[in-house]
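Analysis of the macromolecular model
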Amino acid sequence: MVQTGQPADAAASSPDAPVADTGTAEGRTPRRPSLSPSRAADFKTCPLLYRFRTIDRLPERKSLAAVRGTLVHSVLERLYDLPARERTADAARELVAPAWEELRADPEVAALFAEGGAADGAPAEQPTEAPSLEAWLASAGKLVDNYFSLEDPSRIEPHGREELVEVTLPDGLLLRGYVDRLDVAPNGALRVVDYKTGSVPREAFEGKALFQMKFYALVLWRTRGVVASQLKLLYLGNGDALTYSPDEAELVRFERTLQAIWAAIERAVATGDFRPNRTRLCDWCDHQALCPSFGGTPPPFPAEAAAAAGWPALPIVERA
């Protein structure tokens, strides 16, 4: 999910950032790592990618597709600041320009157009010429327009937008993530809504798309005691939607899945052994130069950074 509506210090507010110390000097809670939907997906896809993003925190290029997603999310969030009767498609389009002015203040974002760098969705090794700013903004406006074919925002009053949800499971695993929109019905029923700027996935990939939503449903169930009645993904690329209704037994099974993923992450951190997993997604990875699958060598495991994030110190291994 593209995350917007966060403070300027995005690293500090990220669901993957170490949880800050709290309490008094005598009774302070130590920093500890957490698991978010995106980082769980990273580890499932490629453990080395998880390490690079979460522990090494290596920089990655911004892409036009990702920035457009952030722009569209910002517009839809601001739309619900308006009175219900004013939430029209015309009003939403008028929000594109001010949202873009804020985004372009980031030099990396502005450089995407100045450099003529990688276009939307282009693999890392196949950069293509970027579109004009006018064409790119028009494509964002089209995605905003498509939203109105899926919902009538004048009839919705969100309970939360870009809301941080988190819970500590009985085994100590901390789950954290940002929900695009949370709706609560008068009878207490929950609906979790996520905006996607692509098209609805093929059936074979629906499970991957729902992984993130089940994550949120689990956190909400554990914190509120209510199983979400609907998980709803809105695909603005083609104006389609994917909905799903989980049950309690399914969330229990999903919790076990997350615990298994976390156990594997803990083993990798304890040994410093994060194996690469070569897939077609590697074409879009910024870290090929450091990946053994492409002839690269990862930097030494950053034990100090891991310790700062709350991981226990690695055991000293004597080498012959």
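Please refer to the structure placed before this passage.
Residues numbered from 1 in each chain as written. Predicted model: local features only at pLDDT ≥ 70, side-chain atom pairs only at ≥ 80, totals over all residues. Heavy atoms only, no water.

Topic: the state of the cysteines
By definition, a disulfide is the covalent link that joins the sulfur atoms of two cysteine residues. Operational definition: For this text, the term disulfide refers to a pair of cysteine sulfurs within 2.5 Å. Only protein chains enter the accessibility calculation, which uses a 1.4 Å probe; a residue whose area is less than 20% of its type maximum is buried, one above 50% is exposed, and one in between is partly exposed.
Summed over all chains, the structure comprises zero disulfides. Its sulfur unpaired, Cys 282 is 6.2 Å from the next cysteine sulfur, which belongs to Cys 291. Using a relative accessible area of 13% as the deciding quantity, one classes Cys 282 as buried. Residue Cys 285 stays outside any disulfide, its sulfur separated by 6.4 Å from that of Cys 282, the closest cysteine. Given the relative accessible area of 24%, Cys 285 is considered partly exposed.

Here we look at the sheet that holds strand β4 (residues 230-235)
Worth spelling out the cut-off: Only when DSSP finds a minimum of two bridges between them are two strands counted as paired. Here a helix means four or more residues in a row that DSSP labels H or I, a strand means two or more in a row labelled E, and each is numbered from the N terminus. In this analysis an axis means a line fitted to C-alpha atoms, helices contributing only their contacting stretch, and an angle means the value between N-to-C directions, from 0 to 180 degrees.
Pairing in this open sheet of five strands is mixed, and the strands run β1-β2-β3-β4-β5 from one edge to the other. Since the sheet does not close on itself, it has two edges, and those belong to β1 (160-168) and β5 (240-244), each with one partner. Neighbouring strand axes in the sheet, compared pairwise and without regard to direction, differ in orientation by 40° on average.

Digging into helix α4 (residues 64-79)
Selection rule: Given the number of residues in a helix, its expected span is that number minus one, multiplied by 1.5 Å.
Here α4 is 16 residues long and its end C-alpha atoms lie 22 Å apart, about the 22 Å a rise of 1.5 Å per residue gives. Those residues of α4 that fall on the buried side of the exposure criterion are Leu 64, Val 67, Arg 68, Gly 69, Leu 71, Val 72, His 73, Ser 74, Val 75, Leu 76 and Leu 79.

Focus: the packing of helix α2 (residues 37-45) against helix α9 (residues 206-224)
Heads up, the rule is: Roughly parallel means an angle under 35 degrees; roughly antiparallel, over 145; roughly perpendicular, 65 to 115; everything else is oblique. Left-handed is the label given to a crossing in which the near helix is rotated counterclockwise from the far helix by less than a right angle, and right-handed is the label when the rotation is clockwise. Residue contacts follow a heavy-atom distance rule, with two residues in contact if any of their heavy atoms lie within 4.5 Å.
The N-to-C vectors of α2 and α9 enclose an angle of 135°; their axes lie 9 Å apart at closest approach. For the element pair α2 / α9, the angle class is oblique. The handedness of the crossing between α2 and α9 is right-handed. In contact with Pro 37, Ala 40 and Lys 44 of α2, α9 contributes Phe 211, Gln 212, Phe 215 and Tyr 216.

What to know about the pairing of β4
In terms of burial, β4 is a largely internal element, five of the six residues being buried. Pairing between strand β3 (residues 190-196) and β4: six bridges, direction parallel. When the bridges of β4 are listed, Lys 196 appears paired with Tyr 235. Linking two consecutive strands that pair antiparallel, namely β4 and β5, is a turn of four residues; a positive phi of about 65° is found at Gly 239 within it.

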